[in-house]
Amino acid sequence: QVQLVESGGGLVQPGGSLRLSCAASGFALKDYAIGWFRQAPGKEREGISCISISDGTIHYDDSVKGRFTISGDTAKNTVYLQMNNLKREDTANYYCAAKIRGVCRGGDDYWGQGTQVTVSS
């Protein structure tokens, strides 16, 4: 059964770093694309990054370019989001989603439960 579990969130000061993990089970990571999303209170959910293992495609939203790095480890069936130079506006619930079409332009078919990231001094 397809399952996604996010972890790694927490409280960090502005300028700090966190690494989020999206552990996948029930499918081979290489057959799917994985997107990272976030939603802050009062704001719409936004897609911030995506990786397709099969074709090597990576995308970043302008809001995180140069600060966040997405990567995949097929041996661990896990996708990571390394977040550096965190800003207060990065505070949100972060979610990963699996795209069964295997391309970043595909729909979001499965979702994890989310992990909270809070950036505050």
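Remember, predicted model here, so these are calculated numbers, not experimental data.

Observations concerning the pattern of salt bridges
Two side chains bearing opposite charge may form a pair once their charged atoms approach each other closely. As enumerated under the stated definition, the model contains 6 salt bridges in all. Across the pair Lys-30 and Asp-31 runs a salt bridge whose closest N-O atoms are separated by 3.3 Å. Residues Arg-38 and Glu-46 are paired through a salt bridge, measuring 2.8 Å at the closest nitrogen-oxygen approach. Look at Arg-38 and you get buried, because its relative accessible area is 5%. Each of the salt bridges in this network shares a partner with another, and the network as a whole consists of Arg-38, Glu-46, Arg-67 and Asp-90.

Some thoughts on the environment of Arg-19
By the element assignment, Arg-19 lies in strand 3 (residues 18-25). Residue Arg-19 is classed as partly exposed on the basis of its relative accessible area, which comes to 48%. Taking the C-alpha atoms as reference, Arg-19 lies 23 Å from Glu-44; in sequence the two are 25 residues apart.

Some thoughts on unusual backbone geometry
Backbone geometry at Asn-77 places phi at a positive 55 degrees, although glycine is not the residue there. As for its placement among the helices and strands, Asn-77 is situated in the loop between strand 7 (68-73) and strand 8 (78-83). At Asn-85, a position not held by glycine, the phi torsion is positive, near 50 degrees. Looking at the element boundaries, Asn-85 is found in the loop between strand 8 and strand 9 (92-99). On the accessibility criterion, Asn-85 (45% relative accessible area) is partly exposed.

Topic: the state of the cysteines
Enumeration according to the criterion identifies 2 disulfides in this entry. The side chain of Cys-22 participates in a disulfide bridge whose partner is Cys-96; the two sulfur atoms lie 2.1 Å from each other. Note on the Cys-22 and Cys-96 pair: the S-S dihedral is about 75 degrees, so by sign convention the disulfide is right-handed. Here Cys-96 lies in strand 9 and Cys-22 lies in strand 3, a separation of 74 residues in the sequence. This pair shows no difference in class: Cys-22 is buried, exactly as Cys-96 is. Sulfur-sulfur distance for the disulfide between Cys-50 and Cys-104 comes to 2.2 Å. Here the S-S torsion is close to -95 degrees, and the disulfide linking Cys-50 with Cys-104 is therefore left-handed. A residue pair is termed long-range when its members are at least 10 positions apart, and Cys-50 in strand 5 (residues 46-52) and Cys-104 in the loop between strand 9 and strand 10 (110-111) qualify at 54 residues.

Cut-off values and rules
- Residues numbered from 1 in each chain as written.
- Predicted model: local features only at pLDDT ≥ 70, side-chain atom pairs only at ≥ 80, totals over all residues.
- Heavy atoms only, no water.
- Salt bridge = Lys/Arg side-chain N within 4 Å of Asp/Glu carboxyl O.
- Buried < 20%, exposed > 50% of the residue type's maximum accessible area, 1.4 Å probe, protein only.
- Helix = DSSP H or I, 4+ residues; strand = E, 2+ residues; numbered from the N terminus.
- Disulfide = S-S within 2.5 Å.

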